[in-house]
Amino acid sequence: MATAKKKTAKKKTAKKTTKKTAAKPARKSAKKTAPEAAQASASKSASSGATGMPALGAQAPAFKCADESGKLILLGDFSGKPVVLYFYPKDDTPGCTVEACDFRDSWKRLQAAGVTVLGVSRDSGASHQKFKTKHGLNFPLLSDGDGKVCESYGAWQEKSLYGRKFMGIVRCTFLIDSSGKIAALWPKVKVAGHVDEVLEAIGQLG
């Protein structure tokens, strides 16, 4: 009897071991790699409008805003042409300068693709003019003094620095296609390599 019980116990143990061994690969295969998880998260955020930004495929919010020279610019001015609309926190600060100069240096490639670049911040027209002249920028900088354009694109958000919370512009970029719809968006831009990402997305436009 004792021998029979031992054999039964061994069989049960073997079954449990087999089940555990079989379950491990299934759990492992279900995990996503870091890039896949990041991409899924970004897509979910962009499509759901979780950040308050217009979703992919949505009509880009219309706006009218003065550039550095005081000229009134409307999104409708570029109907039938793709537009890169990028929001940045402040003129002539380190990250904003690098980003602007990257767009400047890629101007020939952007022109070849028939794309218009528009930079937006809440700085004054005079500040924009100084920034543009200092760095030889070759595209308009829009002055969103009342923050309406930033708000309509969800770029005006709560930020935090050294434990202090405040409202400000989140660095983000929208690629608007020739029909006026959001073809791609970058909700939290990392400056390094960003313009190359934008150019890649432009190349995928139909």
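Further up the page is the structure itself.
Residues numbered from 1 in each chain as written. Predicted model: local features only at pLDDT ≥ 70, side-chain atom pairs only at ≥ 80, totals over all residues. Heavy atoms only, no water.

Asks: Sorry, what's going on with the pairing of strand β4 (residues 116-121) here?
Replies: Consecutive side chains of a regular strand alternate in pointing toward one face of the sheet and then the other. Extensive coverage of β4 is indicated by the burial of six of its six residues. Residues T116, L118 and V120 of β4 are buried on one face, and the alternating residues V117, G119 and S121, pointing to the opposite face, are buried as well. Taken together, the five bridges between strand β3 (residues 83-87) and β4 define a ladder with parallel strand orientation. Across the sheet, the residue bridging to V83 is T116, located in β4. (Buried < 20%, exposed > 50% of the residue type's maximum accessible area, 1.4 Å probe, protein only. Helix = DSSP H or I, 4+ residues; strand = E, 2+ residues; numbered from the N terminus. Pairing = 2+ DSSP bridges.)

Asks: Before we go on, may I ask you to explain the pairing of strand β9 (residues 182-186) in this structure?
Replies: With respect to burial, β9 is a largely interior element, four of its five residues being buried. Counting the residues that bridge the hairpin from strand β8 (residues 172-176) to β9 gives five residues, and of these G180 lies at a positive phi of roughly 85°.

Asks: What is the right way to look at the pattern of salt bridges in this model?
Replies: Pairs can form between side chains of opposite charge once their charged atoms are near each other. Under the criterion given, the structure shown has six salt bridges. Across the pair R109 and D196 runs a salt bridge whose closest N-O atoms are separated by 3.7 Å. You can see R109 sitting in helix α4 (residues 107-112) and its partner D196 sitting in helix α7 (residues 194-203), a full 87 residues away along the chain. Assessed through its relative accessible area of 48%, R109 is described here as partly exposed. (Salt bridge = Lys/Arg side-chain N within 4 Å of Asp/Glu carboxyl O.)

Asks: When you look at the packing of aromatic side chains in this model, what are you seeing that I'm missing?
Replies: The final tally for this structure, using the stated rule, is 10 aromatic pairs. On the basis of an interplanar angle of 35° and a centroid distance of 5.6 Å, the ring pair of Y86 and Y88 is categorised as tilted. The two residues Y86 and Y88 agree in class, both being buried. Classification of Y86 by relative accessible area gives buried; the value is 0%. Taken together, Y86, Y88, F103, W107, F131 and F139 form an aromatic cluster joined through their ring pairs. (Phe/Tyr/Trp six-rings, centres within 6.5 Å; stacked < 30°, edge-to-face > 60°.)

Asks: Sorry, what's going on with helix α3 (residues 94-105) here?
Replies: Since the α-helix turns once every 3.6 residues, residues separated by three or four places project in the same direction. Taking 1.5 Å as the rise per residue, α3 with 12 residues should run 16 Å; its terminal C-alpha atoms sit 16 Å apart, in good agreement. For α3, the secondary structure elements touched by its buried residues are β3, α4, β4, α5 (125-135), β8 and α7. (Expected span 1.5 Å × (residues − 1). Contact = heavy atoms within 4.5 Å.)

Asks: Explanation requested: the side chain of S106 in the structure shown.
Replies: Mapped onto the fold, S106 is located in the loop between α3 and α4. Relative accessible area serves as the criterion here: at 10%, S106 is assigned to the buried category. Apart from residues no more than four positions distant in its own chain, S106 is found in contact with V195 and L199.

Asks: Sorry if this is basic, but what is going on with unusual backbone geometry here?
Replies: Phi is positive for D92, which is not a glycine, with a value near 60°. Among the structural elements, D92 can be located in the loop between β3 and α3.

Asks: Any chance you could explain α7 here in plain terms?
Replies: When we look at burial in α7, the residues that qualify are H194, V195, V198, L199, A201 and I202. Across the axial projection of α7, the buried residues extend over an arc of 160°, all falling on one side. Facing away from the buried side of α7 by over 90 degrees, the exposed positions are E200 and G203. Elements in contact with the buried residues of α7: β3, α3, α4, β8 and β9. (Arc of directions from axis to C-beta.)

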